[in-house]
Amino acid sequence: MEKRIYNFSAGPAVLPEPVLLEAQEHLMSLPGAGMSILEISHRSKRYDEIHADAKKRFKELLGINDNYEVLFLQGGASLQFSMVPLNLMPPVNKADYIVTGTWSKKAVKEAKRVGTPNIAASTESENFARIPKQEELKLDPEAAYVHMTSNNTIYGTEWFTEPEVGNVPLICDASSDILSRKLDVNKYAMIYAGAQKNMGPAGVTVVVIRKDLLERSSDSLHTMLNYKIHAENDSMYNTCNTFGIYIIGLVCKWLQSIGGLDAMYKMNVEKAKLLYDCFDTSDGYFRGHAQADSRSLMNVTIRLPNEELEKKLIGEATKAGFDGLKGHRSVGGLRASIYNAFPKQGVVDLVAFLNDFRKNNG
Ligand SMILES: *Cc1c(COP(=O)(O)O)cnc(C)c1O
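Residues numbered from 1 in each chain as written. Predicted model: local features only at pLDDT ≥ 70, side-chain atom pairs only at ≥ 80, totals over all residues. Heavy atoms only, no water.

Draft legend 1. Spatial organisation of the sheet that holds strand β4 (residues 116-122). Reading across the sheet, the 7 strands line up as β2-β10-β9-β8-β5-β3-β4 and stay open at both edges, with mixed pairing between neighbours. Strands with a single pairing partner mark the edges of an open sheet, and in this sheet they are β2 (68-73) and β4. Going across the sheet, the axis of each strand differs from the next one's by a mean of 20°, ignoring polarity. Note that strand β8 (residues 170-173) and strand β9 (residues 190-194) share 3 bridges and pair parallel. What sits directly across from Asp 173, in β9, is Tyr 192. On top of the sheet, helix α2 (residues 45-62) reaches β2 and β10 (205-210); it is set at about 125° to β2, its chief contact. On the sheet, helix α4 (residues 102-111) packs against β3 (94-99), β4, β5 (146-149) and β8 and is oriented at approximately 160° with respect to β3. (Pairing = 2+ DSSP bridges. Helix = DSSP H or I, 4+ residues; strand = E, 2+ residues; numbered from the N terminus. Axes fitted to C-alpha atoms, helices over the stretch in contact; angles between N-to-C directions. Contact = heavy atoms within 4.5 Å.)

As structure tokens, then:
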């Protein structure tokens, strides 16, 4: 087998090796099925068990109680930018959006097709280098909901406490930090996340929605866009992404085996600290795009004194087996995505590589 390299991609992203190995071992014939997970009917008893197991483990990890439905949908987090307003904005047809990056802006764009999104706060004038403070939020108590993005994959910023939104339902796009730490799910009316960053392959979106919100979904909505229909059918109104849901189940099992989200969070803090400490002791040679109080544990942006050095660093890093480090064009520089499954040794090796580079190019 060809050697695995360090994969710093923002998504689809690195998966835990035990998950890949188990999937590989069972790919020809899934125990109890005699066929592959890729071939099994989503209406079969054996698949039912896999579906229920993934859901159960996901709920256990986040401590989700029975007031919430967990759905496995398709269309990416991007489809949620439309489904959220279509299902949940009426009848008031206005909602608050906290804009902290490219993904939040895309959510606003779709909300405008349904009603009137109010920009409750935006840090765009600072190129999204930080998370807004509570006192900056201009919230409307009559809004249908407040929408936020917990981790800004491109700008490398992250929320560490929820905004206070009173009685208005809080909806969070957690695509790039779901399962990276414990959450008080009860503070949210809905959380959604594409799987391909921190929990599985591309093609599944997990939606956690409080059951009372399902009553807002109008019968006039297209069936496949209706949360209530998906909930009534346990995410199997149509053919669900059987393989993706299976992998999510294995990822959740892996997280449980290493001690759950508290243990995972501790490791995530350790990994991110290695990189941020490297910045902070580099006499300004390395810096992140994010301001210190908003630094993401998942996506670490890396800027150097000039773009030439950045190009040189990316080239040398790629040759040395560090893949996917090129930053997003709206920030420039480099970005190390160090999701749950990214090994600590990879961060240790990257820091040593960065320090060497600085010595040779300082
Ligand atoms: C990647 C990402 C998205 C888009 O996800 P798709 O599954 O490609 O639609 C949305 N929000 C955030 C925060 C992301 O990181």
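Next comes the rest of the account.
Draft legend 2. Up close: the site of the ligand. In the region of the ligand, 13 residues are neighbours, and Ser 78, Thr 153, Asp 173, Gln 196 and Lys 197 sit closest. One nitrogen or oxygen atom from the side chain of Gln 196 is found 2.9 Å from an oxygen atom belonging to the ligand. With the chains in place, 87% of the 380 Å² that the ligand exposes on its own is no longer accessible. Of all the elements, helix α3 (residues 76-88) adds the most residues to the shell around the ligand, at 4 residues. Residues of the shell around the ligand, tallied by class, amount to 3 nonpolar, 8 polar and 2 charged. (Near = heavy atom within 4 Å. Polar contact = N/O pair within 3.5 Å; in protein donor to acceptor, adjacent residues only side chain to side chain. Areas by Shrake-Rupley, 256 points an atom, 1.4 Å probe, with all protein chains shown as cover. Nonpolar A, V, L, I, M, F, W, Y, C, P; charged D, E, K, R; others polar.)

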